[in-house]
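Commentary on secondary and tertiary structure
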Amino acid sequence: MSVPGAGRLARRLGTGDAVVIGLGSMIGAGVFAVFGPAARAAGTGLLIGLALAALVAYCNATASAQLAAVYPTSGGTYVYGRERLGHWWGFLAGWGFVAGKTASCAAMALTFATYAVPGPWWAQRAVAVAGVLALTALNYRGVTRTVLLTRVLVATSLTALSVLVAGIALGGDAGTANLGGWSGLGTGGAYGILQAAGLLFFAFAGYARIATMGEEVREPDRTIPRAIPMALLLAVGVYVVVGVAALLAAGPDRLAAASAPLTTAVQDAGAGVLSPVVRVGAALAALGALLALIAGIGRTGLAMARHHDLPSWLAAVHPRHRVPHHAEIALAVVVGTLVATVDLRGVIGFSSFGVLIYYAIANAAAFTQPSGQRRWPRWLNVLGVTGCLVLVVTLPWQSVAAGTVMFVLGLVGRAAVRFAARRRARAMSSGGEAGLIRHDDHT
């Protein structure tokens with residue numbers, strides 16, 4: 001039975017648009033926040049963690065690109081898991097993405113408000129909710145407007161980061177002594193480095209947004225495999241430059257103790273006059289990440305609703321703007337409620353848990369593709385699955401516990417819904433048979 005208002009999304013995005021969407025998700029608030037917890041886990045060894053996170057992200061990116069070229073529809077790994085591994089695996093991927101990234105939306109909104117409004121907490125919460133509503137309204141108007149604003153926000157964020165790096169380089173107080181020498185790389189041990197990699201992975205997860213929007217990309221079999229690696233490569237370059245500069249300026253201990261690590265780095269480098277630039281850049285980057293998250297989650301919610309893994313009402317596509325407007329409205333309500341009631345700025349580990357499971361399933365799905373659909377070797381998929389699972393178990397235990405509970409609740413909920421649906425189907429079937437028997441008796 002068709003869902004009222006359901007339809008297809010319009011293909012309006014080219015390669016450049018897709019790269020911008022990915023960059024807007026990866027070069028978001030993560031670059032302004034993630035180096036603090038990574039430094040707490042591994043000290044200077046966060047640079048090794050950054051390399052590991054980039055390697056795992058590359059494996060995931062190639063798997064996503066290869067799958068998206070064959071299944072160019074909304075939903076990303078939710079769809080790939082269903083098609084290649086089975087419906088339950090697809091649900092696991094979709095549930096992990098939606099739950100983890102919904103929490104990330106709230107974290108991005110709060111990050112924006114924290115940098116934009118240094119006033120009382122109630123004012124920050126009000127501004128955060130307003131940001132969520134405004135960006136949802138923009139998404140509602142169509143994906144081309146989303147890409148236009150994302151271009152502006154990405155350019156602004158990159159400009160702020162460039163000023164930050166230049167300020168540290170010219171400040172005069174940065175130096176290699178802050179790195180602690182070669183021994184500093186092993187401060188956190190192997191476990192700390194892996195944990196830093198898992199936390200830093202949070203920053204690279206944005207390339208999924210390109211795949212989840214596959215139904216809106218022109219020539220998806222050509223565009224997506226090009227756009228995903230390009231966006232990832234650009235983001236990795238930015239993170240390496242910013243991470244090295246921050247360590248040279250402040251050292252791992254100062255970064256670990258800072259709530260705004262890049263502001264601390266600028267001040268310690270003797271370029272405190274640039275702090276306002278960092279604050280503005282962080283606020284705009286958080287908006288860019290939030291904008292891309294809303295678009296990506298809305299498309300995954302649309303795909304799950306089409307298959308009745310979420311309420312069918314969410315499968316509606318706006319007849320004029322061609323966006324999943326019901327899914328985006330529902331997301332705005334949930335995120336707005338979270339922003340107003342719960343402090344989720346420490347949600348990086350929880351989000352990483354859900355997204356790493358999502359990509360482990362993506363790699364497993366890509367591994368099953370036949371040679372005619374393959375663009376990269378299978379060993380990359382094996383490395384991707386292994387890397388995702390290793391990073392999952394080395395995340396902070398609180399993140400692992402919360403993520404496990406989240407997945408259990410999702411699986412139990414889906415099992416309950418499917419059980420109730422089967423009971424209704426049997427009841428209707430039995431009622432129909434009983435009606436036929438009564439009709440036969442009368443005739």
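Definitions and limits used
- Throughout this document, residue positions are counted from 1 along each chain, in the order its sequence is written.
- Given that this is a predicted model, residues contribute local features only at a pLDDT of at least 70 and side-chain atom pairs are listed and counted only at 80 or more, while totals for whole chains, interfaces and linings are drawn from all residues.
- Side-chain descriptors were evaluated using all non-hydrogen atoms of the structure, hydrogens and water having been removed beforehand.
- Counting from the N terminus, the helices are the DSSP runs of H or I reaching at least four residues and the strands are the DSSP runs of E reaching at least two.
- Cavity and pocket criteria rest on a 1 Å grid covering protein atoms alone: a 1.4 Å probe that fits but cannot get out defines a cavity, protein on both sides within 12 Å along at least 5 of 7 lines defines an open pocket, and an atom within 4 Å of a point defines a lining residue.
- Grid points are joined across faces, edges and corners, and a volume is the space filled by probe spheres set on the points.
- Just so you know the grouping, Ala, Val, Leu, Ile, Met, Phe, Trp, Tyr, Cys and Pro go in nonpolar, Asp, Glu, Lys and Arg go in charged, and all remaining residues, Gly too, go in polar.
- Three exposure classes are used, based on accessible area relative to the maximum for each residue type with a 1.4 Å probe and protein chains only: buried under 20%, partly exposed in between, and exposed over 50%.
- Here, the term nonpolar core denotes a set of buried Ala, Val, Leu, Ile, Met, Phe, Trp, Tyr and Cys residues that are joined through side-chain atoms within 4.5 Å.
- Whether two residues are in contact is decided by their heavy atoms, any of which lying within 4.5 Å being enough.
- Cysteine sulfur atoms are paired as a disulfide whenever they come within 2.5 Å of each other.

This next bit is on the environment of Thr 386. Relative to the elements of secondary structure, Thr 386 occurs in helix H16 (residues 378-393). Note: C-alpha distance between Thr 386 and Asn 363 (23 residues apart in sequence) is 9.5 Å.

Take the layout of surface pockets next. There is about 290 Å³ of room inside the second largest pocket. Looking at the second largest pocket, it is lined by 15 residues, and the ones nearest its centre are His 308, Asp 309, Arg 414, Val 417 and Arg 418. When contributions to the lining of the second largest pocket are tallied by element, the ones reaching two or more residues are helix H6 (87-116) and helix H17 (397-442). Sort the elements by how many residues they give to the lining of the second largest pocket and H17 lands first, with eight residues. Residue composition of the lining of the second largest pocket, by class: seven nonpolar, four polar and four charged.

Here we take up helix H12 (residues 261-268). With six of eight residues buried, H12 is to be regarded as a mostly interior element. Along H12, the residues that are buried comprise Pro 261, Leu 262, Thr 263, Thr 264, Ala 265 and Val 266. Just downstream of H12, Gly 270 is the residue with a positive phi angle, here 80°.

A few words now on the nonpolar core. Counting 136 residues, the largest nonpolar core has Phe 32, Phe 35, Phe 204 and Leu 262 as the members making the most contacts within it. Here this core gets 17 residues from one element, more than from any other, and that element is helix H11 (residues 220-257). Not counting chain neighbours up to four residues away, the residues in contact with Phe 35 comprise Leu 46, Leu 200, Tyr 239, Val 242, Gly 243, Leu 255 and Leu 262.

Right, let's get into the state of the cysteines. What the rule picks out here adds up to zero disulfides. Looking at Cys 59, it has no disulfide partner, and the nearest cysteine sulfur is the one in Cys 388, 8.2 Å off. We classify Cys 59 as buried; its relative accessible area is 0%.

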